[in-house]
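Observations on the three-dimensional arrangement
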Amino acid sequence: MAAMGAGPLFVPVFLEACVEGPDSAVAAQEGGAARLELCAASALTGGLTPSHGVIKAVRASVSLPLNVLVRPRPGDFVYSQAELQSIQEDLVAAKELGADGVVLGLLTPQGTVDEGRLLPLVSMCHTLQLGLTFHRAFDKCRDLPEALEALVRCGVPCVLTSGGAPTAAEGCEAIARLVAQAAGRISVMAGGGVSEENVGALVQGTGVAFVHASCSEPVQPAGPEFNARVRFSSAGYERRAASAQRVAAIAAASRAG
């Protein structure tokens with residue numbers, strides 16, 4: 001596997017854009033994304049399951065393949081039986097609302113993939129004809145090569161990872177090792193801080209064919225914040241959303257790497 005800064009390596013790159021509603025979904029489609037991951041509250045929580053109304057609105061707004069994040073709460077990825085039941089119900093709802101796939105992740109308290117609970121979810125996705133990506137809970141595992149083999153055993157088709165580093169660029173060498181270890185048995189998608197500035201080197205240095213990025217820009221509030229003393233989050237009215245320009249820029253840079 002080529003290292004960062006090695007000679008040219010052509011990889012046809014598939015860009016998944018992270019979106020939170022119909023407006024950003026349309027922008028991502030216009031910019032040339034290949035697939036969407038739909039979530040809620042990504043800036044504050046890392047992403048949660050979007051509402052049924054948002055899923056339905058996005059599905060009606062775009063024709064791109066749509067993956068829906070299924071994560072019932074913020075925090076760790078060790079779930080109670082009641083939370084697991086809600087995940088199962090969200091899989092069914094995602095399918096009914098028009099999703100093409102789902103994104104989820106379950107760990108044990110020991111920092112390993114929860115194979116016992118993941119296997120039935122993989123089976124459900126197969127029955128429902130939903131694609132499946134194991135999200136960056138993978139990066140919290142104590143041993144990434146071991147975790148990758150667990151996902152392969154469970155039949156998971158795709159994993160999103162930064163190589164266990166804060167960003168994919170920092171985890172480039174680890175991602176390259178995971179791609180080599182995967183050997184086509186599971187797709188490795190690089191994500192975490194992916195931008196037009198680093199995606200070319202990331203693709204070239206890892207050999208990934210799939211990248212995930214928020215492709216976002218700041219969005220100006222519709223009006224002034226009249227009472228700034230009242231805050232419902234640390235961000236106030238500040239927010240970011242995917243833009244067609246950034247999607248196009250990241251897609252172009254990934255091909256030019």
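Calculation criteria
- Residues numbered from 1 in each chain as written.
- Predicted model: local features only at pLDDT ≥ 70, side-chain atom pairs only at ≥ 80, totals over all residues.
- Heavy atoms only, no water.
- Pairing = 2+ DSSP bridges.
- Helix = DSSP H or I, 4+ residues; strand = E, 2+ residues; numbered from the N terminus.
- Axes fitted to C-alpha atoms, helices over the stretch in contact; angles between N-to-C directions.
- Contact = heavy atoms within 4.5 Å.
- Right-handed = clockwise from strand over helix to strand, strands pointing away.
- Core = buried A, V, L, I, M, F, W, Y, C linked by side-chain atoms within 4.5 Å.
- Buried < 20%, exposed > 50% of the residue type's maximum accessible area, 1.4 Å probe, protein only.
- Polar contact = N/O pair within 3.5 Å; in protein donor to acceptor, adjacent residues only side chain to side chain.

Time to look at the sheet that holds strand S6 (residues 158–161). Paired through their backbone hydrogen bonds, the strands of a sheet run either parallel or antiparallel. Spatially, eight strands are ordered S1-S2-S3-S4-S5-S6-S7-S8 in a closed barrel, and the strand pairing comes out parallel. Sheet twist, expressed as the average angle between the axes of neighbouring strands with direction ignored, equals 25°. This element, helix H1 (residues 22–31), spans strand S1 (14–19) and strand S2 (35–38) of the sheet and lies at about 160° to S1.

Let's shift gears to the pairing of strand S5 (residues 131–134). Of the strand pairs in this sheet, strand S4 (residues 101–104) and S5 are connected by four bridges, and their pairing is parallel. Paired with Val 103 across the two strands is Thr 133, which belongs to S5. Traced from S4 through helix H5 (residues 115–128) to S5, the parallel crossover comes out right-handed. With two bridges joining them, S5 and S6 adopt parallel strand pairing. In the strand pairing of S6, Thr 133 is matched with Cys 158. The β-α-β motif built from S5, the intervening helix H6 (residues 144–154) and the parallel element S6 has right-handed crossover chirality.

So, on to the nonpolar core. Ranked by internal contacts, the top residues of the largest apolar core, which has 67 residues, are Leu 36, Leu 118 and Phe 134. With six residues, H6 is the single largest residue contributor to this core. Setting aside its immediate chain neighbours within four residues, Leu 118 contacts Leu 104, Leu 106, Val 113, Phe 134, Leu 151, Cys 154 and Val 156.

Now for the environment of Ala 57. Along the chain, Ala 57 turns up in helix H3 (residues 52–61). A relative accessible area of 29% places Ala 57 in the partly exposed class. Along the primary structure Ala 57 and Gly 21 are separated by 36 residues, whereas in three dimensions their C-alpha atoms are 7.6 Å apart.

The next subject is the side chain of Thr 206. On the secondary structure map, Thr 206 appears in helix H8 (residues 199–206). With a relative accessible area of 0%, Thr 206 lands in the buried category. Within the local environment of Thr 206, its side chain forms a polar contact with the backbone nitrogen of Val 208, the two atoms lying 3.2 Å apart.

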